[in-house]
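Breakdown of the fold
Below, each chain spelled out in residue letters.
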Amino acid sequence: MIIPTRKDVMQKAANQGYKIAAVMPIHYPRAILRACGFHPMEVWGPPFINNREGTQHFPEYTCDIVQKAAYFLTQEHAASIDVILIPHTCDSLQGMASIFMDFIKPKQPVLKIYHPRSHRASDVIYLEKEIKVLTGKLSEISGIKPTDNDILAVMEIENEANRIFADIAQRREDFAVTDRTFYTFLRSREYLFAEQFIELSREMPTGKADLKGPGLMISGIVPEPMDLFDQINRFGAHVVIDDLACCSRRIYQAFNGDNPYKCLAQQLTSMPPDTTLSAPYKSRFEYLKGQVRKSGARGVLVYNVKFCEPELFYVPLFEKAMKEEGCPLLFIEGEMSTVIPGQVLNRINAFVEVLS
Amino acid sequence: MNYANMFNYHIMSPVVGKAVLRYQRWQYENKIRRSMQKNNDKLLSPPLLSTARMSEMLANNYFQGRYTEGVKKVAWFSSGCPIEILQALDFFIYTPDNHGAMCGAKRVAVEYCEEAESHGYSRDICSYARTDIGSFLLKKTPIGKIPKPDIIVVCSNICQTIIHWYQAMGVYYNAPVFIIDTPFVYDKAEEHQIAYVKAQLEELIPVAERIAGKKMSYRRLQEICRAGKECSNLWMEVLLRAKHRPAPITGFDAFILMGPVVAMRGEKESLAFYEMVLREIDERINNGVAAIKTEKYRILWDNLPIWYRINWLSKTLAAHGIAAVISNYAYQWAEPALFMNADNPIEGMAQAYTHTILNRSTGYKLQHMKQMVDDFRLDGVLLHSDRSCKPYSLGQIDQRMKLIHDMGISGLILECDHNDSRVFSEEQVSNRIKAFAEMLG
Ligand code: SF4
Ligand code: SF4
């Protein structure tokens, strides 16, 4: 299975006449971008940016995703990006969107989408309109005004990719690949065309995975560097299920109807309970307990990006909930980089030993 | 029905409690009067006499709060939250943010934060949240007893963090949490955003009615909105008096005096209180009394106060001739005055609570600061980069640059924390302020 690189995908997008949208985490109406002539490429850091140039605009107590992305998106190589979309995921991304619009003012237009958080009926009504506003702005930039049918057609293919994503994410043990390959595949949804992702999914080797030692649930925003999975395997454990913002928290259901905006609003308010959407604690922990039971996970590894408040708030009660389930939790926090510090590895190793 | 609490709430608190608190106020006022007579502080004028009245009001409120169980339904509110619907339903209102601030000012916050941290709460999360959670876990509070919530209402118009914090409290107290979500205003609030907030306020009414066990009177809601607007107006008047040179009050005084407008706006005694504050300030103006006797440079304080060092900061700044005459944080509770509308309370509330300064873009905040620089004839801006309050602190680096460049004034970023004194270095802050004073000169 060869996963196309971001560069390949950008080339393909250009060849097909798509503009490029750089999209910050986590939730956004992918089909709308596509229907308006944009191909979304998500920006989760990226981890290889080592310097802290972002601190020119952000205090050092801002998370690495924001710091690194702020630097990355303002460099020469970002010239091929046509629009930047910043969903309102947290206070830090709110700040980033605002600073980009008001002060950094990159050459590309910066758009936002505000996710509702009341967890009541009015959320869908609001989000439907918010998506319409976003569509209008994207159309202004690309000159493409999609009809409802155009959007519904794109949704069909995106929903198929979503379905496959959800199915595979929930069946780790049925794929004969390493954890790293498994999650690299899932994460390719961050930048592949839906069609490419569907195609690639057919190449995922099925059969019993060679999974040794205790199974873990991995939770957090993003598992960077991906070497984390190799290290977990090296210590004699494996991942059976995830609660990652970049993976299983993006299991989107399909909603049918004539109004694509409403369907998308329903979709984007019915994901698994996510910290960044201020999910009620009880429903989040009930959901996670269910995931642990279903997957047989023996421990939880929370791998947090330093300064990520949405995650940090949930951790103590998450740990308590898991204890009730007889499932210990290890909380690890660090800066995003290409290497995992030795101290972190030692803690993971010790955790696996205890579970074994 | 809890008869002991009924007795304490209706008899003890208004009669005995009030008498004791009045006596304490009288003692405090005498102390202030004595220092007015001596007038021997070279840097600061004594506090306003109204400060004693405010302490009495808040203490009385907390005192009553001890006996609410079985007597009155209790609503917890975040500080920027629409308070009016629950006031109209006669809930006893308790504001955890105020409690957090008080713990900071009384310097017990670190003990509480450490307790929260020992339960797994990170030092990187808001120190108000840690203070409050720690206070619960330790079962300790400077106010005697925290009233148990029947409902927790939290609004995202100051940050998203506060939702996480209040939801955690909802778990600890096993209380329902009602979120009022106010979309962030990047440019201007869009129609559908206001419609969303209105819909949520309407959703709150039946939920609150069910808990209160009674129907809300629309007329009462209108009265409260009217009084709330008046209270915010008075608060704005108080703050605007600092335009006078020398300033009769400072932004730091405002931090101390803002308790009632945050937690008790819309109540008659809050209106009477701010009228009293205004009279006292006007007296100061007539008698040429400056809050900072050494006032030479006038600055804006941006962001939350550093609660545990307010007095020290006042003195340290004053020693360099600097008066922090206005704070945009305290101004936040003056803003509802611009939008509240008793004729259309739900629309007015939706507008007012969506347009709070903390719910608006970094560019808007800059414009707001620039306006203050002009209106209050300021020489500089001191931006408190608050480690555990990201929503307010993001943007300050660019705002400072713009203020220096566009307005030709000085700007200093001071990295501290509103409640966690462990990140405060007296020596470092003194040196930075000294350097700032040199820039101003
Ligand atoms: S890591 Fe956390 S704080 Fe940073 S952008 Fe993601 S959700 Fe926001
Ligand atoms: S993060 Fe800031 S705005 Fe939010 S509750 Fe804490 S101090 Fe207040």
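See the structure printed just above.
Now for a description of the structure that goes with this document.

Criteria and cut-off values
Residues numbered from 1 in each chain as written. Chains lettered and ligands numbered in written order. Predicted model: local features only at pLDDT ≥ 70, side-chain atom pairs only at ≥ 80, totals over all residues. Heavy atoms only, no water. Helix = DSSP H or I, 4+ residues; strand = E, 2+ residues; numbered from the N terminus. Rg over C-alpha atoms; globule rule 2.2 N^0.38 Å. Contact = heavy atoms within 4.5 Å. Areas by Shrake-Rupley, 256 points an atom, 1.4 Å probe, with all protein chains shown as cover. Lys, Arg positive; Asp, Glu negative; His and termini not counted. Charge placed at Lys NZ, Arg CZ, Asp CG, Glu CD. Buried < 20%, exposed > 50% of the residue type's maximum accessible area, 1.4 Å probe, protein only. Polar contact = N/O pair within 3.5 Å; in protein donor to acceptor, adjacent residues only side chain to side chain. Near = heavy atom within 4 Å. Nonpolar A, V, L, I, M, F, W, Y, C, P; charged D, E, K, R; others polar. Pairing = 2+ DSSP bridges. Axes fitted to C-alpha atoms, helices over the stretch in contact; angles between N-to-C directions. Core = buried A, V, L, I, M, F, W, Y, C linked by side-chain atoms within 4.5 Å. Buried area = accessible area lost by both parts, 1.4 Å probe. Salt bridge = Lys/Arg side-chain N within 4 Å of Asp/Glu carboxyl O. Phe/Tyr/Trp six-rings, centres within 6.5 Å; stacked < 30°, edge-to-face > 60°. Patch = residues over 30% accessible without salt bridge, like charges linked within 9 Å, V, L, I, M, F, W, Y side chains within 5 Å.

Remarks on the overall build of chain A
- Each helix and strand in chain A was counted, giving 13 helices and 8 strands.
- Its C-alpha atoms give chain A a radius of gyration of 20 Å, near enough to 21 Å, the size a compact globule of 356 residues would have.
- Along the first, second and third principal axes, the C-alpha atoms of chain A reach 60 × 45 × 40 Å.
- Summarising the internal contacts of chain A: among those between residues at least 6 apart in sequence, 74% fall at separations of at least 24.
- Of the roughly 13100 Å² that chain A leaves accessible, carbon and sulfur atoms contribute 52%.
- Across chain A, the centroid of the 40 positively charged side chains sits 2 Å from that of the 43 negatively charged ones.

Things to note about the overall build of chain B
- Assigned secondary structure in chain B consists of 20 helices and 8 strands.
- Here the C-alpha coordinates of chain B stretch approximately 65 × 50 × 50 Å along the principal axes.
- The contacts in chain B between residues at least 6 apart in sequence include a share of 80% that link residues at least 24 apart.
- With 52 positive and 48 negative side-chain charges, chain B shows a spacing of 5 Å between the two charge centroids.

Overview of the side chain of S337(A)
Residue and element names in this part refer to chain A.
- Position of S337 relative to the elements: it lies in the loop between β8 (329–334) and α13 (342–355).
- Looking at S337, the relative accessible area reads 18%, which means it is buried.
- Polar side-chain contacts of S337 include one of 2.7 Å to the backbone oxygen of V339.
- The contact partners of S337, leaving out residues within four places of it in the chain, are P47, E224 and P225.

Comments concerning the site of ligand 1
Residues and elements named next belong to chain A.
- Looking at ligand 1, the residues that line it are C63, I65, V66, C90, S92, L93, I221, T276 and C308.
- Among the secondary structure elements, those contributing two or more residues to the shell around ligand 1 are α3 (64–72) and α4 (91–104).
- Residues of the shell around ligand 1, tallied by class, amount to 7 nonpolar, 2 polar and no charged.

So, the sheet that holds strand β6 (residues 322–327) of chain B
Residues and elements named next belong to chain B.
- Spatially, the 4 strands line up as an open sheet ordered β6-β5-β7-β8, and their pairing is parallel. Each of the sheet's edge strands pairs with one partner strand only, and the pair in question is β6 and β8 (410–416). The sheet shows a mean angle of 30° between the axes of neighbouring strands, direction not considered.
- Pairing analysis gives 4 bridges linking strand β5 (residues 297–302) to strand β7 (residues 380–386), with the strands arranged parallel. Bridge pairing in β7 links D302 to L383.

So, the nonpolar core
- L73(A), M96(A), I348(A), W235(B) and M258(B) are the most contacted members of the largest nonpolar core, which has 251 residues in total.
- By size, the runner-up hydrophobic cluster in this structure holds 36 residues, among which are A189(B), L221(B), M340(B) and A350(B).

Side note on the interface of chain B and chain A
- Each partner contributes residues to the interface: chain B has 53 residues there, and chain A has 53 residues.
- A buried area of about 4400 Å², summed over both sides, lies between chain B and chain A, and 60% of it is on carbon and sulfur atoms.
- Its largest share of buried area at the contact with chain A, chain B owes to Q160(B), Y186(B) and L394(B), together 17% of the area lost on that side.
- Where chain B touches chain A, the interface holds 5 salt bridges.
- If you look at where chain B meets chain A, you find 27 residue pairs in polar contact (both at pLDDT 80 or more).
- Secondary-structure elements contributing two or more residues to the side of chain B that touches chain A are α7 (161–173), β4 (177–180), α8 (191–212), α17 (362–375), β7, α18 (390–393) and α19 (396–407) of chain B.
- Among the elements that take part in the side of chain B that touches chain A, α7(B) stands out by supplying 8 residues, more than any other.
- Within the side of chain B that touches chain A, the residues separate by chemical class into 22 nonpolar, 21 polar and 10 charged.

Structural notes on the site of ligand 2
- For ligand 2, the full set of nearby residues is C126(B), Y128(B), I158(B), C159(B), T161(B), W165(B), L304(B), S388(B), C389(B) and H418(B).
- In terms of residue class, the shell around ligand 2 is made up of 7 nonpolar, 3 polar and no charged.

Comments concerning the packing of aromatic side chains
- Overall, the coordinates contain 32 aromatic pairs over all chains when judged by the stated rule.
- In this structure an aromatic cluster arises from ring pairing among F252(B), F255(B), W301(B), W307(B), Y329(B), W333(B) and Y392(B).

Notes on the sheet that holds strand β3 (residues 83–88) of chain A
All names here are of chain A.
- Taken together, the 4 strands give an open sheet; going across it, the order is β2-β1-β3-β4, and neighbouring strands pair in parallel fashion. At either end of the open sheet lies a strand with only one pairing partner, and these are β2 (38–42) and β4 (110–114). On average, adjacent strands in this sheet sit at an angle of 30° to one another, irrespective of strand direction.
- Bridge count for β3 against β4 is 5 bridges, and the pairing is parallel. By the bridge assignment for β4, H88 is matched with Y114.
- Sitting on the sheet, helix α1 (residues 6–15) touches β1 (19–23) and β2, and the angle it makes with β2 is about 170°.

What to know about unusual backbone geometry
- The omega torsion of the bond from P25(A) to I26(A) falls at 10°, within 30 degrees of zero and hence cis.
- Structurally, I26(A) is set in the loop between β1 and α2 (30–35).
- Note the cis peptide between E224(A) and P225(A), where omega equals 0°.
- Secondary-structure assignment places P225(A) in the loop between β5 (215–220) and α9 (227–234).
- Backbone geometry at K139(B) places phi at a positive 60°, although glycine is not the residue there.
- Structurally, K139(B) can be placed in the loop between α6 (127–138) and β3 (151–155).

Comments concerning a nonpolar patch on the surface
All names here are of chain B.
- Taken together, the side chains of F7, I11, V15, V16 and V20 make up a nonpolar region of the molecular surface, amounting to roughly 430 Å² of accessible area.
- With respect to the helices and strands, the residue F7 is situated in helix α1 (residues 3–38).
- Judged by its relative accessible area of 46%, F7 is partly exposed.

A look at the pattern of salt bridges
Residue and element names in this part refer to chain B.
- Counted by the stated rule, this structure contains 56 salt bridges over all chains.
- Among the ionic pairs, R130 bridges to E117, the shortest N-O distance being 2.8 Å. Taken together, the residues span a long stretch of sequence, with R130 in helix α6 and E117 in helix α5 (residues 109–118) at a distance of 13 residues. With respect to burial, R130 and E117 carry one shared label: buried.
- Its salt-bridge partner being E415, residue R387 comes within 3.1 Å of it at the nearest N-O pair. With R387 in the loop between β7 and α18 and E415 in strand β8, the pair connects residues that are 28 residues apart, well separated along the chain.

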